[in-house]
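# Summary of the model geometry
As a plain string of letters, each chain reads:
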Amino acid sequence: MAKGKVDALLGIVFGDEGKGKVVDVFTPKYDIVARFAGGPNAGHTIIFDGKKFVLRSIPSGIFDEGKLNIIGNGCVIAPDLFMAEAQELEAAGYDLHSRLHISRRAHLILPTHRVLDRAYEAAKGAARVGTTGKGIGPAYSEKASRTGLRVGDIENDFLPKYEALKARHLQILRDLSYTDFDITEDEKLWLQGVEYMRQFTLADTEIELNSALAQGKHILAEGAQGTLLDIDHGTYPFVSSSSTVCGGVCTGLGVPPTAIGEVFGIFKAYSTRVGSGPFPVELFDETGDRIRQIGHEYGAVTGRNRRCGWLDLVALRYAIAINGVTQLIMMKGDVLDDFPTVRVCVAYQKDGQVTTDMPYDTEGWAPVYRDFPGWQADLTRLSSEKDFPEAFNRYIAFIEQETHTPITIVSVGPDRAQTIQRTR
Ligand code: IMP
């Protein structure tokens, strides 16, 4: 029986909950930080030593000396984007080589996967997913169809394998009559990225992680995207292509379910979504615009406007169940500081039917709200839960009561110091 534990830190709505900031606060407590799903579709913003970094594939423990960071087998990796991300960190003085291991079993995103991503989206027309365009879906599809290339492939006789797969992609693109692209520059950088990746430790990370567990080490599994973007449990087909939920920690790192310890579920005091797909709490009015402006709700990867709405407890309860969340972390309460009334969606309704359970398809369901008086106070200046305004306490207590899950951390601003631990 493993002595160590894997705690999971998961976005439990549509991603963009602010995992980057929390991981940064959490990492000192862990020996290893590991990414288990997704790839450069993620954008974890971290402000470190006064400098802002957006991490896409590299785990957020990379800033701490002596900490091992792992890109797990459940991830997909684009060598050119990895190189750009890593070189920026190296230029800022972080020694990645001693701190980062990449799973040989992680799959590669080829330049042609990105073209295929665009081609498939174009073919879908109005039903398009609104992907990040990073080739995520095509790379994971290839994994499932057992034709993909893995990081381990770059260690021997790589080019013929690459050329064969590229040729297959080009044939698919011709069949789709999608010809308006040129990958020459992209491919050059990508192949440089492959060479650059060779300088890193490409490892059997599942073995490393299990021996770390046997030694009693503590591992933080850093989630990407969110539960409602999960390939199985999200709002399919408007989802990403990987297992973003707690089960994905086991498959995406090769660790046993018995090693999972705490499951931290991160959510914002309100809701956002990027890309297409149903979003019952979406606000199309001035309130939605205000939340977007105050919360700076623009995509870290694509720069797109995030769709905004009130907190959705139907979604939250569902995600807590799917993931086995043991503690909740609420982000960005301060964004609602000035609102005289704060609303919470407690159920969905459609054609006279009301449900508190997540429907198979959330399209066409409208929110049933419960209103709370706003706290109308500046939360960003607070450093202890003792100073929380009463109205804010009532908001938190209601969420805890409805979800049967404690909110143990409340974040009230982007700075590390604006992270308040609550006593239970
Ligand atoms: P893909 O992951 O690029 O295939 O995009 C699929 C869907 O997931 C799109 O709606 C994206 O906007 C969304 N998505 C992917 N990654 C993230 C993320 O890190 N945060 C929020 N949304 C994401």
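The structure we're discussing is the one just above.
My aim in this report is to walk through the structure given alongside it, one point at a time. (Residues numbered from 1 in each chain as written. Predicted model: local features only at pLDDT ≥ 70, side-chain atom pairs only at ≥ 80, totals over all residues. Heavy atoms only, no water.)

### Here's the deal with unusual backbone geometry
Cis geometry is adopted by the peptide bond preceding Pro237, which originates at Tyr236 and carries an omega value of 5°. Tracing the backbone shows Pro237 in the loop between strand S10 (218-222) and helix H8 (246-253). The backbone phi angle of Asp16 is positive, close to 65°, even though this residue is not glycine. Topologically, Asp16 is positioned in the loop between strand S1 (5-11) and helix H1 (19-26). On the basis of relative accessibility, which here comes to 27%, the residue Asp16 falls in the partly exposed class. (Helix = DSSP H or I, 4+ residues; strand = E, 2+ residues; numbered from the N terminus. Buried < 20%, exposed > 50% of the residue type's maximum accessible area, 1.4 Å probe, protein only.)

### A few points about the pattern of salt bridges
Per the stated rule, a full pass over the model turns up 24 salt bridges. In this structure, Asp64 engages Lys67 in a salt bridge whose closest nitrogen and oxygen atoms are separated by 3.9 Å. Between Arg422 and Glu385 there is a salt bridge, and its shortest N-O distance comes to 3.5 Å. Here the residue Arg422 occupies a position in the segment after strand S19 (419-421), and Glu385 occupies one in the loop between strand S17 (366-373) and helix H11 (390-403), the gap between them amounting to 37 residues. Residue Arg422 is classed as buried on the basis of its relative accessible area, which comes to 14%. Through salt bridges with shared partners, a single ionic network connects Asp16, Lys268, Glu297, Arg306 and Lys332. (Salt bridge = Lys/Arg side-chain N within 4 Å of Asp/Glu carboxyl O.)

### Focus on the site of the ligand
Taken together, 16 residues lie near the ligand, and Asp16, Asn41, Thr132, Ser240 and Arg304 sit nearest. Between the ligand and the protein, one listed contact pairs an oxygen atom with a side-chain N or O atom of Thr132 at 2.6 Å. Between an oxygen atom of the ligand and a side-chain N or O atom of Ser240, the distance comes to 2.6 Å. In the complex, the protein chains occlude 96% of the 470 Å² of accessible area that the ligand would expose alone. (Near = heavy atom within 4 Å. Polar contact = N/O pair within 3.5 Å; in protein donor to acceptor, adjacent residues only side chain to side chain. Areas by Shrake-Rupley, 256 points an atom, 1.4 Å probe, with all protein chains shown as cover.)

### Details of the pairing of strand S7 (residues 100-103)
Of the two faces of S7, the one carrying Leu100 and Ile102 and the one carrying His101 and Ser103 are both buried. Where strand S5 (residues 68-71) and S7 come together, 3 bridges link them in parallel fashion. Bridged to Ile70 within S7 is His101. (Pairing = 2+ DSSP bridges.)

### A closer look at the environment of Phe53
Within the secondary structure layout, Phe53 lies in strand S4 (residues 51-55). Residues Phe53 and Val249, spaced 196 residues apart in sequence, show a C-alpha to C-alpha distance of 24 Å. Each residue touching Phe53, except ones within four places of it in the same chain, is listed here: His44, Thr45, Ile46, Phe48, Phe63, Glu88, Leu89, Ala92 and Tyr94. (Contact = heavy atoms within 4.5 Å.)

Keep in mind these values describe shape, not function.
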